[in-house]
Amino acid sequence: MKTPKRLLPLVEEGLIDEVISQLMSGKEATVYIVRCGDEICCAKVYKEANQRSFRKSASYQEGRRVKNSRQARAMEKGSRYGRKMQEEVWQNAEVDALYRLSAAGVRVPRPNICHEGVLLMELVVDADGNAAPRLNDVELTEALALEYHEVLLREVVRMLCAGVVHGDLSEYNILVGLDGPVIIDLPQAIDAAGNNSAADMLERDVNNLRNFFAVFAPALQASQYSKEIWAHYKEGSLLPDVPLTGRVVLDERPADVDDVLLHVERALEEDALRRMSY
């Protein structure tokens, strides 16, 4: 096929030898199958901000760092330079997450390089060597649904152990490769420790999995894995192989109002002291 304009710089640099075909076009990027030397890879070309249907809400941006204070100020002002920096941060988030998760043993595509807004990475294939289908395109039995749900739940736990929450996980960004499910599409991934919405996003990810697989395995519908996983994370007891039951015992003891007020009073005093020291 004719080489797309956005891939020309990588061809000229010798990073891509041939563009074979377009694989898919989604809400944030277009993906191509390419040949890099003897290896068949995929090239993810990020769409410009005004062409994406996925909006970068503040909840996803929280906790992301930039190289220096000048860039941070530019991003806050929304200047042309600041918007360029926002795009780089958005794209680098996926690259950073892929390297981080790949090193932690999470089932994600192996990243190669990100250049000029194009991410080169492993092409996930099925048993016949073809591009792997998305989970929503795979026929499932109850047994297979339970198996894949368990596998993906463990991947979510492994991701959180590495400090990452996907933030947009569903049957549409999971591929079913030769060795089972593989998680993709991570530009909205967040740092669990640095984002106040991490618990809510984890719950949404886990509940998306539950709701999809419960169509084939109804017993999953009553599970509460997200709350159980987050409770382990908060307590510091989360491990990749931590036993999970899908059940949560709620603490229905009445709140100690006096103790809460004491903590609020101490927090206000500490804040006042910090302000006085400036």
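Up top is the structure.
All of the points below concern the structure found in this document. (Residues numbered from 1 in each chain as written. Predicted model: local features only at pLDDT ≥ 70, side-chain atom pairs only at ≥ 80, totals over all residues. Heavy atoms only, no water.)

Further remarks concern the packing of aromatic side chains. Going through the model one piece at a time under the given rule, you end up with three aromatic pairs. Ring centres of F212 and F213 lie 5.1 Å apart, and the angle between their planes is 75°; on these two criteria the pair is classed as edge-to-face. Neither residue differs from the other here; F212 and F213 are each classed as buried. Arranged with centres 4.8 Å apart and planes meeting at 40°, the rings of W230 and Y233 form a pair that is tilted. A residue pair is termed a helical-turn pair when its members lie 3 or 4 positions apart in one helix, as W230 and Y233 do in helix α7 (residues 225–235) at three residues. Joined through ring pairs, the aromatic side chains of F212, F213 and F216 make up one cluster. (Phe/Tyr/Trp six-rings, centres within 6.5 Å; stacked < 30°, edge-to-face > 60°. Buried < 20%, exposed > 50% of the residue type's maximum accessible area, 1.4 Å probe, protein only. Helix = DSSP H or I, 4+ residues; strand = E, 2+ residues; numbered from the N terminus.)

Moving on, we get to helix α5 (residues 142–161). Taking 1.5 Å as the rise per residue, α5 with 20 residues should run 28 Å; its terminal C-alpha atoms sit 29 Å apart, in good agreement. Of all the residues in α5, the buried ones are A145, Y148, H149, L152, L153, E155, V156, V157, M159 and L160. At the exit of α5 stands G163, carrying a positive phi of roughly 85°. (Expected span 1.5 Å × (residues − 1).)

This paragraph deals with the nonpolar core. If you look at the biggest cluster of nonpolar residues, it comprises 52 residues, and the most contacted ones within it are L135, F213 and I229. Among residues more than four places away in sequence, those in contact with I229 are L153, V157, L160, L202, V206, L238 and L244. Core analysis: the second largest hydrophobic core is formed by 12 residues, L10, C36, C41 and A43 among them. (Core = buried A, V, L, I, M, F, W, Y, C linked by side-chain atoms within 4.5 Å. Contact = heavy atoms within 4.5 Å.)

Moving on, we come to the pairing of strand β3 (residues 39–46). With six of its eight residues buried, β3 lies for the most part within the structure. In this sheet, β3 lies alongside strand β2 (residues 29–36) in antiparallel orientation, the contact comprising eight bridges. Note on β3: the bridge partner recorded for T30 is V45. Between β2 and β3, which pair antiparallel one after the other, the connecting turn spans two residues, and G37 there sits at a positive phi close to 65°. In this structure, β3 lies alongside strand β5 (residues 118–122), joined through five bridges in antiparallel fashion. Following the sheet pairing, V45 is matched in β5 by V118. (Pairing = 2+ DSSP bridges.)

What follows deals with the sheet that holds strand β4 (residues 111–115). With antiparallel pairing, five strands are arranged side by side in an open sheet as β1-β2-β3-β5-β4. Two strands bound the open sheet, and with one partner strand each, they are β1 (18–25) and β4. Strand-to-strand twist of the sheet, defined as the mean angle between neighbouring strand axes without regard to direction, takes the value 25°. (Axes fitted to C-alpha atoms, helices over the stretch in contact; angles between N-to-C directions.)

To continue, consider unusual backbone geometry. In this model, E116 sits at a positive phi of 55°, which is unusual for a non-glycine residue. The class of E116 is exposed, set by a relative accessible area of 55%. We note that D185 has phi near 60°; this positive angle belongs to a residue other than glycine. Within the element layout of this structure, D185 appears in the loop between β8 (180–183) and β9 (190–191). Taking relative accessible area as the criterion, D185 reaches 22% and is therefore assigned partly exposed.

With that settled, the discussion passes to the pattern of salt bridges. This structure, assessed with the given rule, holds seven salt bridges. As a salt-bridge pair, E18 and R35 come within 3.2 Å of each other at their nearest N and O atoms. With E18 in strand β1 and R35 in strand β2, this pair connects stretches of sequence that are 17 residues apart. On the basis of relative accessibility, which here comes to 29%, the residue R35 falls in the partly exposed class. Salt-bridge contacts for K44 lead to E28; the nearest nitrogen and oxygen are separated by 3.6 Å. Remark: E28 occurs in the loop between β1 and β2 and K44 occurs in strand β3; sequence separation between them is 16 residues. Taking relative accessible area as the criterion, E28 reaches 5% and is therefore assigned buried. Residues participating in the shared-partner salt-bridge network are E28, K44, E94 and D185. (Salt bridge = Lys/Arg side-chain N within 4 Å of Asp/Glu carboxyl O.)

Geometric values such as these leave the question of function open.
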